[in-house]
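Chains, contacts and geometry: an overview
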Amino acid sequence: MFRITKFFSCSSLARLKHTLVVVEHDNQKLSQITLNTLTAATKIPKNETVTCVVAGAGCGNIANEVSRLAGVNKVLVVDDSNLQGFLPENIAPIIVDLQKKNNFSHIAFGSSAFGKNLMPRVAAMLDVQPVSDIIGIDDENTFVRTIYAGNAIQTVRSKDPIKIFTVRGTAFEAVKPDSAASPAEISPAGLTATATDKAAFVNQQLAKSDRPALNAAKVVIAGGRGLQNGENFKLLYDLADTMNAAVGASRAAVDAGYVPNDLQIGQTGKIVAPELYIAVGVSGAIQHLAGMKDSKTIAAINKDPEAPIFQVADLGLVGDLFKEVPEMTKMMKKN
Amino acid sequence: MSLRILVGCKRAIDYAVKIQVKSDLSGVVTEGVKHALNPFDEIAMEEAVRLKEKKLANEVIAVSCGPAQSQDVLRTALALGADKAFHVEVPAKEYETLQPIHVSKILAKLAEQEKVDLIILGKQAIDDDCNQTGQMTAAVLNWPQATFASKLQLKDKEATCEREIDGGLETISIKLPAVVTADLRLNTPRYATLPNIMKAKKKPLKKFSPKDLGVDITPRQEIVKVCEPPKRQGGGKVASTEELVERIKKLGVN
């Protein structure tokens, strides 16, 4: 197939696209963003096949789960203890080898901490200028993304023979689990992983929560500097419990040490677009708006009527959050 | 241990400026607009200078790629504590299509020439929001990478980095030479003092062209158009907690 494509470079075979999706997971659980990335892959015009690569250490269950997602044609697995820790130094060469063997036209990653860390390393190894955090696909060479903290939208056409990009999760719907008519073929990729001696994974400190994840919740409640300290965030958690909401924060709240960094929403934190975003004690700086202005409905509570957040809010309440939020919680419970 | 550190310094529109899209949709208005050293690069610079103050590094080199005005941020970097600066001059027109792939090759070449042990870059530039250059530079050099670093500790020729990731924090250990990209909470940068700004004028600033470094800056991407995002209505108000709760319940999201 590869040789034929090279010989008849003008044939219709050469114009068909084949996409590789790099699956994100932790060996136990599939990351939500892979479901959005998969949708983006299926939207590439003239795309013929979608291959998913599952690279990890003890990732057989993930491969099974991925094979049952609609839109997946093939699953390639690299299951190797050398991939413990998911270091980009170890995974990037695998992706590069896969590319050399299969000649994909597109390689897609989710725009998460994992994807952002790995994708550009892969791109440089293939001498490709990648496209980060796409929100749209105009054609097989042309992608849409935001710049200047979402204050401008840029459309870029890539001239590289391979298009490599990360996908913004909120811009594409998630493929539903178990949606495939029949499971895709799963096969070992036939590649060995080597563990670099230049880097080592030490540990992770992850937040444990029963609450919905920020990128999956229908409702997000975010706290800013107005909360004044970490204990006061309990007010938001209590409200969140009445709505099965996730809790996030502005950079100011994280910098001040009120809450850990994984709650940060903004230009350089998480980008969310829930059905309802409630900003409490958040002033609404440009950089924060970048992380939430695509939310369907925005509510805001702030004692400052001039706070910039009110310019984007649909439901703005000028008031003291320490009075308003507990009252809201009481009323929400009366259901 | 006396490390040589290279810090990337990009001149970008100041974070507080409200940007304007050009009427011909070719880009964003930059002429006459306030620019500054990219905030993440300030943090990178601060980290390098602290390593010098701790006597772990003995030379900090600031590098900027761009037209003549890029020298402004190099002067800032020198005032903050860099020992010397390199300006890789790229004329304004070509600068519009200078991409991370080009910058990474330029930085890699300079790092090799200067026998650098550590490259510290900001994790992303607040203009293009790419978040690519650090990772690409590491790949070109085949060095390990520690991105989104919120803590950096050096011992012998090894760095332990705490990184900010989606679920919390991750700690990795990397061997030098390596590339680190600075995240928001790595440190709080200092301000350049007036005496240091004056002293900076005497520090060396050397000019290169991409050609001098053997880097081809032919664009790999064409900017088709740049437009404004859809306007959000906003300004909606509710008069009371009751009204807010009523309107929320009507949305039926919980």
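See above for the structure.
The structure contained in this document is the topic of the report that follows. These figures come from a predicted structure and were not determined experimentally.

Before going further, it helps to spend a moment on the overall build of chain B. If you tally the helices and strands in chain B, you get seven helices and 12 strands. Seen through its principal axes, chain B has C-alpha atoms that stretch 65 × 45 × 40 Å. For chain B, with 254 residues in total, the buried portion stands at 54%. Nonlocal contacts in chain B, meaning residues at least 24 apart in sequence, comprise 72% of its contacts between residues at least 6 apart. Charge-centre separation for chain B: the mean point of 39 positive side chains lies 3 Å from the mean point of 34 negative side chains.

What follows concerns the pattern of salt bridges. Residues and elements named next belong to chain B. Enumeration according to the criterion identifies 37 salt bridges over all chains in this entry. One salt bridge connects arginine 50 with glutamate 46, and the closest N-O pair in it is separated by 2.7 Å. Taken together, the positions of arginine 50 and glutamate 46, both in helix α1 (residues 39-53) and four residues apart, correspond to about one turn of that helix. A salt bridge links glutamate 53 to arginine 190, with the shortest nitrogen-to-oxygen separation between them at 2.8 Å. With glutamate 53 in helix α1 and arginine 190 in the loop between β10 (178-182) and α6 (194-200), this residue pair connects regions lying 137 residues apart in the sequence. For glutamate 53, a relative accessible area of 48% translates into the label partly exposed.

Once that is clear, we can look at the pairing of strand β2 (residues 47-56) of chain A. Residue and element names in this part refer to chain A. Of all 10 residues in β2, eight are buried; the element is thus mostly enclosed. Direction of pairing for strand β1 (residues 17-22) relative to β2: parallel, over a ladder of six bridges. Following the sheet pairing, leucine 20 is matched in β2 by threonine 51. Sheet topology places β2 next to strand β3 (residues 74-79); six bridges connect them, and they run parallel.

Another point: unusual backbone geometry. In the segment running from Leu176(B) into Pro177(B), the intervening peptide bond is cis, with an omega of 5 degrees. Position of Pro177(B) relative to the elements: it lies in the loop between β9 (168-175) and β10. Positive phi, close to 50 degrees, is recorded for Phe86(A), a residue that is not glycine. Turning to its location among the elements, Phe86(A) is positioned in the loop between β3 and α5 (88-102). What makes Phe86(A) buried here is its relative accessible area of 18%. In the Ramachandran plot, Asn142(B) falls in the positive-phi region, its phi being about 55 degrees despite a non-glycine side chain. The exposure class of Asn142(B) is partly exposed, given its relative accessible area of 47%.

So, about the environment of Ala189(A). All names here are of chain A. For alanine 189, the position within the fold is in the loop between β9 (185-188) and β10 (199-206). When the C-alpha atoms of alanine 189 and leucine 76 are compared, they prove to be 5.0 Å apart, with 113 residues separating the residues in sequence. Aside from chain neighbours lying at most four places away, what touches alanine 189 is Leu76, Val77, Val78, Leu98 and Lys101.

Reading the values: the criteria
- Residues numbered from 1 in each chain as written.
- Chains lettered and ligands numbered in written order.
- Predicted model: local features only at pLDDT ≥ 70, side-chain atom pairs only at ≥ 80, totals over all residues.
- Heavy atoms only, no water.
- Helix = DSSP H or I, 4+ residues; strand = E, 2+ residues; numbered from the N terminus.
- Buried < 20%, exposed > 50% of the residue type's maximum accessible area, 1.4 Å probe, protein only.
- Contact = heavy atoms within 4.5 Å.
- Lys, Arg positive; Asp, Glu negative; His and termini not counted.
- Charge placed at Lys NZ, Arg CZ, Asp CG, Glu CD.
- Salt bridge = Lys/Arg side-chain N within 4 Å of Asp/Glu carboxyl O.
- Pairing = 2+ DSSP bridges.

Treat this as a map of the structure, not an account of what it does.
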